[in-house]
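Fold and contact review
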Amino acid sequence: MTPGHAGPAVTPDTLGIDAFGGADPIFAIADDVFAAMIDGEPGHLRTWDGEQPAVEDEMHAWVDVDGAAPGRVLLTTERDTATRITRALLMMDAGESVSDEDFRDALGEVANVVGGNVKALVPDPGALSLPQVTHEAPALDPSSLLYELPLDWRGAFLRISLWQLPTT
Amino acid sequence: MKVLVTDDSRVMRQIVIRTLRQAGYDWEYVEASDGSVALDMLGSEEPDLVLSDWNMPEMTGIDLLRAMRANGDETPFGFITSEGSTEMRELADAEGALFLIAKPFSAEVFRDTIDPFLA
């Protein structure tokens, strides 16, 4: 448990990450979301192979789960990848212009749906926040990182991370 | 048949309507960006079914459902939301919702869930 944080400890075990017979439930959630909402078919998302690359022109989308052990589900990727995700969600053509409003809406919804499903893994969760989307990385204590899942979507890098938040 | 799709995300409203059409529901769709907007539209649009997100600013989906029932509006109501916990399903049922579909969804899930209520 991170010093300075009150309340029950949130660990990969309490999140159930290691309790799925070797399958990663966070990956299963992300795979479902991408297959159903973004790709229309399974098979285009896999775990990132090798060292994580530097993320340039990064975008961050997240939702917070309130409750006894508050946490954040954060999606990070490059703007270009987020734009491709937006086009896929809206069934737009490659190269078609994406409005900033749609871009933020789409990336936020991906974080929202992943977060809503991750919430189901958390013991005694509270309310789910509305999604936030920013260019700047949200301020988070590095020691509060609970779990990180690097992903490869059609050759592009993205990362889902789970963070413990201070109790109020 | 007219359906009022309520979600604060325009992208999600588009995906919901697209998936409903993929499921074979060739209905008329009207959209609301929030529970309070949906509540205002009910009188003029007179939908046959309301499909709503749960977590929205201004007015949540469950508050929309409560307000409708408090007004004597018994329009059939279903949730399409990113959360599908047992507690939320029980609350939705207790307040009179027909069903709760958790995101992500597919056309098959829509058919399996909605078809029984169309008979």
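Just so it is clear, the structure is predicted and the values come from calculations on it, not from any experiment.

**Considerations on the overall build of chain A**
In terms of regular secondary structure, chain A is built from three helices and seven strands. Looking at chain A as a whole, 51% of its 168 residues qualify as buried. Taking as baseline every contact in chain A between residues at least 6 positions apart, the subset at least 24 positions apart corresponds to 66%. Per element, the accessible surface of chain A, about 7600 Å² overall, is 51% carbon and sulfur.

**Let's talk about the UniProt feature "domain: Chemotaxis phosphatase CheX-like" (unreviewed entry) in chain A**
Mapped onto the present numbering, the UniProt feature "domain: Chemotaxis phosphatase CheX-like" (unreviewed entry) falls at residues 61–137 of chain A. For the annotated span residues 61–137 of chain A, helix accounts for 40% and strand for 29% of the residues, and the straight-line distance between the end C-alpha atoms is 9 Å.

**Concerning the UniProt feature "modified residue: 4-aspartylphosphate" (unreviewed entry) in chain B**
Residue and element names in this part refer to chain B. UniProt feature "modified residue: 4-aspartylphosphate" (unreviewed entry): in the numbering of this structure it lies at Asp53. With a relative accessible area of 3%, Asp53 lands in the buried category. Residues contacting Asp53, with those up to four places away along its chain left out, are Thr6, Asp7, Asp8, Gly61, Phe79, Ile80, Thr81, Ser82 and Lys103.

**Notes on the pattern of salt bridges**
Counted according to the given criterion, the structure contains 17 salt bridges over all chains. For Arg154(A), the salt bridge goes to Asp39(A), with nearest N and O atoms at 2.9 Å. You can see Arg154(A) sitting in the loop between strand S6 (145–153) and strand S7 (156–164) and its partner Asp39(A) sitting in helix H1 (residues 25–39), a full 115 residues away along the chain. For Arg154(A), a relative accessible area of 41% translates into the label partly exposed. With a relative accessible area of 14%, Asp39(A) lands in the buried category. Across the pair Lys103(B) and Asp7(B) runs a salt bridge whose closest N-O atoms are separated by 3.0 Å. Here Asp7(B) lies in the loop between strand S1 (2–6) and helix H1 (10–22) and Lys103(B) lies in the loop between strand S5 (99–102) and helix H5 (107–114), a separation of 96 residues in the sequence. Comparing Lys103(B) with Asp7(B) shows no difference in burial state: the two are buried. Connected through shared salt-bridge partners, Glu109(A), Asp7(B), Asp53(B) and Lys103(B) make up one network.

**Focus on the pairing of strand S4 (residues 77–81) of chain B**
Residue and element names in this part refer to chain B. With five of five residues buried, S4 lies mostly within the body of the structure. Side-chain alternation along S4 places Phe77, Phe79 and Thr81 on one buried face and Gly78 and Ile80 on a second face that is also buried. Where strand S3 (residues 49–52) meets S4, three bridges bridge the pair, whose relative direction is parallel. By the bridge assignment for S4, Leu51 is matched with Gly78.

**A word on the sheet that holds S4(B)**
All names here are of chain B. Sheet architecture is open: five strands sit in the order S2-S1-S3-S4-S5, paired in parallel fashion. Every interior strand has two partners, whereas the edge strands, strand S2 (28–32) and S5, have only one. Going from strand to strand, the sheet's axes swing by 20° on average, the running direction of each strand aside. Seen against the sheet, H5 touches S4 and S5 and runs at an angle of roughly 170° to S5.

**With respect to the interface of chain B and chain A**
At the junction of the two partners, chain B supplies 16 residues and chain A supplies 19 residues. Both sides together, the interface formed by chain B and chain A hides about 1600 Å², and carbon and sulfur atoms give 56% of it. On the surface where chain B and chain A come into contact, there are three salt bridges. Lys103(B) is the salt-bridge partner of Glu109(A), the closest N and O atoms lying 3.9 Å from each other. At the boundary of chain B with chain A, the tally comes to eight residue pairs in polar contact (both at pLDDT 80 or more).

**Some remarks on the pairing of S7(A)**
All names here are of chain A. Taken across its nine residues, S7 has nine buried, putting it largely inside the fold. Going residue by residue along S7, you find Ala156, Leu158, Ile160, Leu162 and Gln164 tucked away on one face and Phe157, Arg159, Ser161 and Trp163 tucked away on the opposite face as well. Strand direction decides the pairing type here: strand S3 (residues 71–78) and S7, joined by seven bridges, are antiparallel. Along S7, the bridge assignment pairs Thr77 with Leu158. A loop of two residues connects S6 with S7, the two strands running antiparallel in sequence, and Arg154 in this loop sits at a positive phi of about 50°.

Reading guide: rules and limits
- Residues numbered from 1 in each chain as written.
- Chains lettered and ligands numbered in written order.
- Predicted model: local features only at pLDDT ≥ 70, side-chain atom pairs only at ≥ 80, totals over all residues.
- Heavy atoms only, no water.
- Helix = DSSP H or I, 4+ residues; strand = E, 2+ residues; numbered from the N terminus.
- Buried < 20%, exposed > 50% of the residue type's maximum accessible area, 1.4 Å probe, protein only.
- Contact = heavy atoms within 4.5 Å.
- Areas by Shrake-Rupley, 256 points an atom, 1.4 Å probe, with all protein chains shown as cover.
- UniProt positions renumbered as here; feature names shortened; annotations may be inferred.
- Salt bridge = Lys/Arg side-chain N within 4 Å of Asp/Glu carboxyl O.
- Pairing = 2+ DSSP bridges.
- Axes fitted to C-alpha atoms, helices over the stretch in contact; angles between N-to-C directions.
- Buried area = accessible area lost by both parts, 1.4 Å probe.
- Polar contact = N/O pair within 3.5 Å; in protein donor to acceptor, adjacent residues only side chain to side chain.

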